[in-house]
Amino acid sequence: MPLGIDFTQIFLHLFNVAILFVGLYILLYAPVKKFMQEREDHYKAMDEEANKKVNDANAVHEKYTERMKNIDGEIAQKKQQATAEMNEFRAAKEKEAKESAERIVADAKEKADAESRKIIETAKDEITAMVEEATRKVVQDETVSGAFDTFLDDAERSVQDGNA
């Protein structure tokens, strides 16, 4: 061994270092590398999900922004439609009320006509009875002036009874 170097010792040390590196690679480097890869994949998935949610939110925001631009027109249209429906309803109710009022007036006129006919019939019957009684009294009384006075008295009493 020149210079006091033992090559077998060097090879054994190199072999020990190689075994140490392989052992450390298997025990430490591979699990740490695997853990780091999983962590990176997890955060990439979270980032993609967050980006997707942001894109969805932006799409919804744009949709509602566009809708808000058109909402005034829609409100005006709905208001006109409601006004038209209200006017139609009001007109129908007014027509219905007029028809009802006309029916009530017609019924009242019919009742008034019937009542006036009844009053006229009653008056005719009373006049006929008064004339019959006056005639009977005239026939029973021999004097025309006495019968005439009796007729006038009866007529005056019936007028007073009618006013009372």
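Everything that follows concerns the structure shown earlier in this document.
Structure report, in brief. Everything quoted here is computed from the prediction, not taken from an experiment. (Residues numbered from 1 in each chain as written. Predicted model: local features only at pLDDT ≥ 70, side-chain atom pairs only at ≥ 80, totals over all residues. Heavy atoms only, no water.)

Description of the pattern of salt bridges
- Taken as a whole and judged by the stated rule, the model has four salt bridges.
- A salt bridge links Glu40 to Lys44, with the shortest nitrogen-to-oxygen separation between them at 3.2 Å. Of this pair, Glu40 and Lys44 both sit in helix α1 (residues 7-140), four residues apart, which is roughly one turn of that helix.
- Residue classification places Glu40 among the partly exposed positions, given a relative accessible area of 39%.
- We note a salt bridge from Glu96 to Lys93, for which the minimum N-O separation is 4.0 Å. One end of the pair, Glu96, and the other, Lys93, are both in helix α1, three residues apart, so they sit about a helical turn from each other.
- Among the residues examined, Lys93 registers a relative accessible area of 41% and is labelled partly exposed. (Salt bridge = Lys/Arg side-chain N within 4 Å of Asp/Glu carboxyl O. Helix = DSSP H or I, 4+ residues; strand = E, 2+ residues; numbered from the N terminus. Buried < 20%, exposed > 50% of the residue type's maximum accessible area, 1.4 Å probe, protein only.)

As for a nonpolar patch on the surface
- A cluster of nonpolar side chains, contributed by Val17, Leu20, Phe21, Val22, Leu24, Tyr25, Ile26, Leu27, Leu28 and Tyr29, occupies part of the molecular surface with about 1000 Å² of accessible area.
- Counting through the fold element by element, Val17 comes out in helix α1. (Patch = residues over 30% accessible without salt bridge, like charges linked within 9 Å, V, L, I, M, F, W, Y side chains within 5 Å. Areas by Shrake-Rupley, 256 points an atom, 1.4 Å probe, with all protein chains shown as cover.)

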